[in-house]
Amino acid sequence: MEPYQLPNDEDVRRAYQQGEEAVVELVRKLTDNFKLLAARMQALEDRLAKNSSNSSKPPSSDGYNKPAPKSLRKRHGKKSGGQPGHAGYTLEAVEHQTGKKCIV
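Residues numbered from 1 in each chain as written. Predicted model: local features only at pLDDT ≥ 70, side-chain atom pairs only at ≥ 80, totals over all residues. Heavy atoms only, no water.

*Asks:* How should a nonpolar patch on the surface be read in this particular structure?
*Replies:* Together, Tyr4, Leu6 and Leu30 make up a nonpolar patch on the protein surface, roughly 280 Å² of accessible area in all. Tracing the backbone through its elements, the reader meets Tyr4 in the segment before helix H1 (9-18). A residue is classified by how much of its surface remains accessible, and Tyr4, at 34% relative accessible area, is partly exposed. (Patch = residues over 30% accessible without salt bridge, like charges linked within 9 Å, V, L, I, M, F, W, Y side chains within 5 Å. Areas by Shrake-Rupley, 256 points an atom, 1.4 Å probe, with all protein chains shown as cover. Salt bridge = Lys/Arg side-chain N within 4 Å of Asp/Glu carboxyl O. Helix = DSSP H or I, 4+ residues; strand = E, 2+ residues; numbered from the N terminus. Buried < 20%, exposed > 50% of the residue type's maximum accessible area, 1.4 Å probe, protein only.)

*Asks:* In this structure, what is going on with the pattern of salt bridges? I would like to understand it.
*Replies:* A side chain of one charge can pair with a side chain of the opposite charge if their charged atoms are brought near each other. Evaluation of the coordinates by the stated rule reveals three salt bridges. Here Glu10 makes a salt bridge to Arg14, at a shortest N to O gap of 2.9 Å. With Glu10 and Arg14 both in helix H1 and four residues apart, the pair spans about one turn of that helix. Taking the relative accessible area as the measure of exposure, Arg14 reaches 39% and is therefore partly exposed. Through salt bridges that share partners, Glu10, Asp11 and Arg14 make up one connected network.

Any functional reading would require information that these geometric values do not contain.
Shown next as structure tokens:
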């Protein structure tokens, strides 16, 4: 993109003296330049907002501002292990084919 020079006071006065069409053309150029710059700024902001969780970028490109890992597993509110009121079962020692009991 070529650098765009903003019109100075002299350019504005010259356009005013040339008439309404010159002023409209000057404003149109400024508006077109503004739209172009706004589109470039939006594209840059969109690129900055991407990280490995919302794009195909690798996690190593996240830098030091990596998002915290989020588990998809929901908390169920129960303690680990057997629940109160559940009878539970224990395996008993069985006899082998030799007829002897296994010592536990």
